[in-house]
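Notes for the structure review
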Amino acid sequence: MKKSARARRMARHHGRHKMVATLNLTSLMDIFTILLIFLLVNNNNAAKLPENQDIQLPESTAQELPNDVLIIQVSATNVIIDGRKIADTQAVKVQEERTVDALVEELKFRASRALAVNPEDEREVMIQADRDVPYAVIKKLMRSCMETPYTKVAFAVLKVAEEESE
C-alpha cells in the first residue's frame, strides 16, 4: 500500500527521534584527569607538621597556621633536621658553649644551597621541641639560629580549642 506524502513525512520525523544519543566520554575523562592532577599538585600540606613519636608538643590557643619552613625537631634524646641527626640533646644541655656548632654549620650549609632570596628577607626556621626539653637547650638552639641567615625563629605547638567561659 502506498503512503501519502504526509504519512511519509511523519514517519521520517518520528524516525529521527528514535536514534539513541551517544555521549563522547573522551573529553570528559580528559577534564577529570586534569582536575585530579591539579588537586594532587596543589594539595596544601602546610598545616601538617612532621610526625615524630618522640616529641610531645606544648599546647596553645594560637590561631595562625604554620608556614612551610625548615623544621628543627628536638626530642629528649636528639636534635634532628629533615630526618638527619645533628646533635644529642643531653650533650647540648651540658656543653659550655652558648651555641651548637653542628647546628650552625648545617643551617649555613642549607642557606647556601637554598634558592637565592632577597638579602633583606629573613629566613625562617621552626623549632618543634618536646614539652619536657629544658629551656637551656632551646635557648642554645635559638642562639645558634641567630648566627646563621635563619634569624626568624618560630615554635610549633598543638592548637587546642578555646574553652568558653560561662
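These lines cover the structure that appears in this document, whether it is placed above or below. Worth saying up front: this structure is predicted, and the values here are computed from it rather than measured.

1. A word on the packing of helix α4 (residues 101–113) against helix α5 (residues 135–146)
The interhelical angle for the contact between α4 and α5, taken along N-to-C directions, is 40°, at an axis separation of 9 Å. Crossing handedness for the pair α4 and α5: right-handed. Judged by residue contacts, L103, V104 and L107 of α4 engage L141, S144 and C145 from α5. Split into classes, the residues belonging to the contact of α4 with α5 amount to 5 nonpolar, 1 polar and no charged.

2. Overview of the pairing of strand β4 (residues 84–88)
In terms of strand pairing, strand β3 (residues 78–81) meets β4 through 4 bridges, oriented antiparallel. Along β4, the bridge assignment pairs I80 with K85. Between β3 and β4, which follow one another and run antiparallel, lie 2 residues, and D82 among them has a positive phi close to 50°.

3. Concerning the nonpolar core
Side chains of nonpolar character tend, in soluble globular proteins, to be buried together. Counting 21 residues, the largest nonpolar core has I72, V74, I81, L103, L107 and L141 as the members making the most contacts within it. Contributing elements (two or more residues each) for this core: β2 (70–74), β3, β4, α4, β5 (124–129) and α5. With 4 residues, the top contributor of residues to this core is α5. If near-sequence neighbours (up to four positions away) are discounted, L141 is found in contact with V74, V79, V100, L103 and I127.

Parameters at a glance
- Residues numbered from 1 in each chain as written.
- Predicted model: local features only at pLDDT ≥ 70, side-chain atom pairs only at ≥ 80, totals over all residues.
- Heavy atoms only, no water.
- Axes fitted to C-alpha atoms, helices over the stretch in contact; angles between N-to-C directions.
- Helix = DSSP H or I, 4+ residues; strand = E, 2+ residues; numbered from the N terminus.
- Left-handed = near helix turned anticlockwise from the far one by under 90°.
- Contact = heavy atoms within 4.5 Å.
- Nonpolar A, V, L, I, M, F, W, Y, C, P; charged D, E, K, R; others polar.
- Pairing = 2+ DSSP bridges.
- Core = buried A, V, L, I, M, F, W, Y, C linked by side-chain atoms within 4.5 Å.
- Buried < 20%, exposed > 50% of the residue type's maximum accessible area, 1.4 Å probe, protein only.

The values reported here are purely geometric and, on their own, carry no functional implication.
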